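Survey of secondary and tertiary structure
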Amino acid sequence: MELELWSEVSAAISAIALKWPRHARDEHSTALIVRVYHWAALHDRPIDWACNPDNWTTATRPEVLPSQSTMSRRPRRADFEQFLLRVGQRLNGKAKPNLVKRVDGKPLELPNHTSDPDATWSRGVSRTSVGYKLHTIASGNPMPDAFAITTLNVCEKQMAARLIPRVQGFGYMLADTHYDASWLFDLCHHHDHQLLCPRAKPGTGEGHHYISDHRRRAIAMLETSPAINSFGQELYEQRTEIERDYSQLVCFGAGLGQLPTWVRRIWRVRHWVLNKLLINAARIRINRRKAVNA
């Protein structure tokens, strides 16, 4: 499976490299830097491990490998992350966002004794933790429709407000109770989506503050008796798909496990997690092809 994952992503890197401009002063192309970094992420090894030709197979090893210092410097340039994002678009193919989308956040926790100056304390998985967070909007494509990696203390509603404008199409946006805010319902409607999330205390009054009409619609959809209209509740049952997406992201050999000790500082976390998303997208593409050919 490891070679299958590598072949899938490597083909996408090669396709992007064909039209990617190269700086005149660069000794190594951006595609090569991305390829070496991805080889390390695929094997859960430090970046300097991938600079050693002995750690490559004959079929996968590039003719020339960059030095460790080059691999430390080049990923900080903007074109490195831009190239990775283009690879993600390539892996998505011509897939379009579905009618139903899901938004959520996944904590990326670090040990409590970490000295990472960028990591912050906030609510993690059932406890107060320190680390980062992956925010995604997903609709069933290999790559999320929109995503961002932030420190752990960044509000999920605020990040949803930044991600929703990036999502194409229209439809329903499913979320949990953390996203229940009238201003977010209005924002979703402005971008052609109906936010659907339950209230913390269903069945209670609305209070005396501003209530969005789109929030009232969500309340009606979720709190109306199924005997009268079950559409809203049946639709909301699809929200747990994003929890399964997060589970599958971490449950295979090269998946997104706990951040390793050499992945500290926000830019390293972003690059590492983005590479793990590419690996997961490759896994999804391979599994779907196998299912079609079965």
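What counts and how
- Residues numbered from 1 in each chain as written.
- Predicted model: local features only at pLDDT ≥ 70, side-chain atom pairs only at ≥ 80, totals over all residues.
- Heavy atoms only, no water.
- Helix = DSSP H or I, 4+ residues; strand = E, 2+ residues; numbered from the N terminus.
- Buried < 20%, exposed > 50% of the residue type's maximum accessible area, 1.4 Å probe, protein only.
- Contact = heavy atoms within 4.5 Å.
- 1 Å grid on protein atoms, 1.4 Å probe; cavity = no way out; pocket = protein on both sides within 12 Å on 5 of 7 lines; lining within 4 Å.
- Points joined across faces, edges and corners; volume = space filled by probe spheres on them.
- Nonpolar A, V, L, I, M, F, W, Y, C, P; charged D, E, K, R; others polar.

Structurally, the position occupied by Gly169 is in the loop between helix H6 (156-163) and strand E5 (171-174). Residue Gly169 is classed as partly exposed on the basis of its relative accessible area of 44%. For the pair formed by Gly169 and Asp192, sequence separation is 23 residues and the distance between their alpha carbons is 7.3 Å. In contact with Gly169, not counting residues within four places along its chain, are His191, Asp192 and His193.

Its volume calculated, the largest pocket comes out at about 660 Å³. Lining the largest pocket are 26 residues; nearest its centre among them are Leu85, Pro144, Asp145, Ala146 and Phe147. Of the residues assigned to the lining of the largest pocket, the class counts are 12 nonpolar, eight polar and six charged. Computed from the structure, the second largest pocket encloses a volume of approximately 410 Å³. Around the second largest pocket, the lining comprises 20 residues; the ones closest to its centre are Gly105, Gly124, Lys133, Glu156 and His178. Counting residues per element, the ones that place at least two in the lining of the second largest pocket are strand E1 (100-110), strand E2 (120-123) and H6. Counting residues per element, the lining of the second largest pocket draws most heavily on E1, which supplies four residues. Each residue belonging to the lining of the second largest pocket can be placed in one class, and the counts come to five nonpolar, six polar and nine charged.

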